[in-house]
Amino acid sequence: MKIKLFFLAFIFILFSSQAQNIRLYVGTYTQGDSEGIYQLEFNTENGSLSNKQLAINIDNPSFLAYSPNKQYLYSVNQSEDGFASSYKINKDGSLSLLTRVSSYGKGPCHISVNKSGDKAVVSNYTGGTVSIYPINEDGSLKEAYQIFNHNSGNEKSHAHSAKFFKDDLFVADLGRNTFYQYRLRDDSSDFRRRYFIKMEGNPGPRHFELSKDGQFIYIINEYGGSITSIKKTEFSFKNIDFDSTLDENYEGKNKCADIHLSKDGRFLYGSNRGENSIAVFKRDTQNGTLDRIQNMSVHGDWPRNFSLDPTGKFLLVANKKSNNISVFKIDKESGKLSFLHSTDLPAPVCLLF
C-alpha cells in the first residue's frame, strides 16, 4: 500500500512539475554567437528558465509572432534584402521552416498576426513600408498582397510596428512621427487609410499597446523617452496624457523600445535603452491616464524587448548587448518589479510566450 501511495505521489509531482513549465521562444541577432531562434522552458511557479536549445538555425530572426492556435510561428529576418518566415512548431518545440518570402522593404523589424490567423503584417524600418500577407491553412505565408509606402518626397519613413485590432490595422511610423489607422474595406481583404495622428516634435513612435476594448492606445516614443496616451473618440482620436519614462535624476542618452500592459490592464510597462530600466506605470482603467511609480534596473544592457508571462506574475527582459535574459517578479497589488535572476543567451531581442 505504501509503495502504491509513493508511486501515485511521484506521478503527481512529475506531472505538476511539467504543467508548470511552458515554452519560451527567443529571437536573436546572429552576427555574433547566436545561431537563430532558441527555446527555453519557463517555470510559472518560481520563474526559473531551463533547458535552452536551438529551435532552428536561421539568420537574424529579430521579431517573432505566434499563430492564434500556437501551431505555427512567424519571424522577420532583419537584413538589407529583408524576409519574413513561417515555421511549423514540432512536438519537441523545434521549428521547421515552411516558407520564406520577401518583406518588400529593407530592414524588417516587426511582425504580427491577426486574431483569425489568416493575415500577417510586417513593418520594414529601413524601407519604410508595411506589407500584408495572406496565411494559408497549413500556416505558410503567401506573397504580400498589399504594401503601404509611407515615404514622401522630403520625409523618410521608418515603419516600426503594426498590429491588427478587429477590422483595423494600426501602424507606428518612427521616421514620419505618425501613428496610422487603416480600416478593412467592406467585402474586401484590402485596407485603406482612415486616420492618422501626427506627433509633435520628433518623439519617434516605436511600439504601442491597445487596451482590451480598443478604446485606449499607448505609444512608446524611442527618441522622446516618453509615452503618448490616446483615446478613441466617435470619429477620430485625442491625446489624453503624456509621460516621461525616465527617472528624474537620469541625465544620459536614452532610446525607448518596447511597451506592454498587464493582463488586468491596471499597469503598463516600458523599456529604456540607456537608462537600462523598465518604467512601471499605474493606469487609471476609467480615464486611461498613467502615473509612473517605478524605474527598475534591467540588470543588463540595452533592453530591446520584454514580455509578461501568461500568468501575469513575471516579466522577462531581453538585454541585447549584455547577452542575457532577466526575470522579475510582479507584485500583484502594486505592479512593481523585483529582480529574481538572469540567464545567459547571445543577443536576445525578442521574447515570445
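In what follows, the structure referred to is the one given above.
Okay, so let's go over this structure. These numbers were taken from a predicted model, which means no experiment stands behind them.

Our focus in this paragraph is unusual backbone geometry. Backbone phi values are negative for most residues with the exception of glycine, while trans is the configuration of most peptide bonds. For Asn177, which is not glycine, the phi torsion reads 50 degrees and is therefore positive. Within the secondary structure, Asn177 is located in the loop between strand E13 (168-173) and strand E14 (178-184). Note on Asn177: relative accessible area 7%, which makes it buried.

Whenever strands of a sheet pair, they do so through backbone hydrogen bonds, lying parallel or antiparallel. On the basis of which strands lie adjacent, the open sheet formed by 4 strands has the order E24-E25-E26-E27 and antiparallel pairing. The two strands at the open ends of the sheet, each matched to only one other strand, are strand E24 (303-308) and strand E27 (337-344). Taken over all neighbouring pairs, the strand axes of this sheet differ in orientation by 20 degrees on average, direction set aside. Taken together, the 6 bridges between strand E25 (residues 314-319) and strand E26 (residues 324-330) define a ladder with antiparallel strand orientation. Its bridge partner being in E26, Phe314 is matched across the sheet by Lys329.

On to the sheet that holds strand E7 (residues 95-102), then. The strand order across the open sheet built from 4 strands is E4-E5-E6-E7, with neighbouring strands paired in antiparallel fashion. Bordering the open sheet on either side are strand E4 (61-66) and E7, each of which pairs with just one other strand. Here the average twist between neighbouring strands, direction ignored, is 25 degrees. Sheet topology places strand E6 (residues 83-89) next to E7; 7 bridges connect them, and they run antiparallel. Bridge pairing in E7 links Ile89 to Leu95.

Scoring rules and cut-offs
- Residues numbered from 1 in each chain as written.
- Predicted model: local features only at pLDDT ≥ 70, side-chain atom pairs only at ≥ 80, totals over all residues.
- Heavy atoms only, no water.
- Helix = DSSP H or I, 4+ residues; strand = E, 2+ residues; numbered from the N terminus.
- Buried < 20%, exposed > 50% of the residue type's maximum accessible area, 1.4 Å probe, protein only.
- Pairing = 2+ DSSP bridges.
- Axes fitted to C-alpha atoms, helices over the stretch in contact; angles between N-to-C directions.

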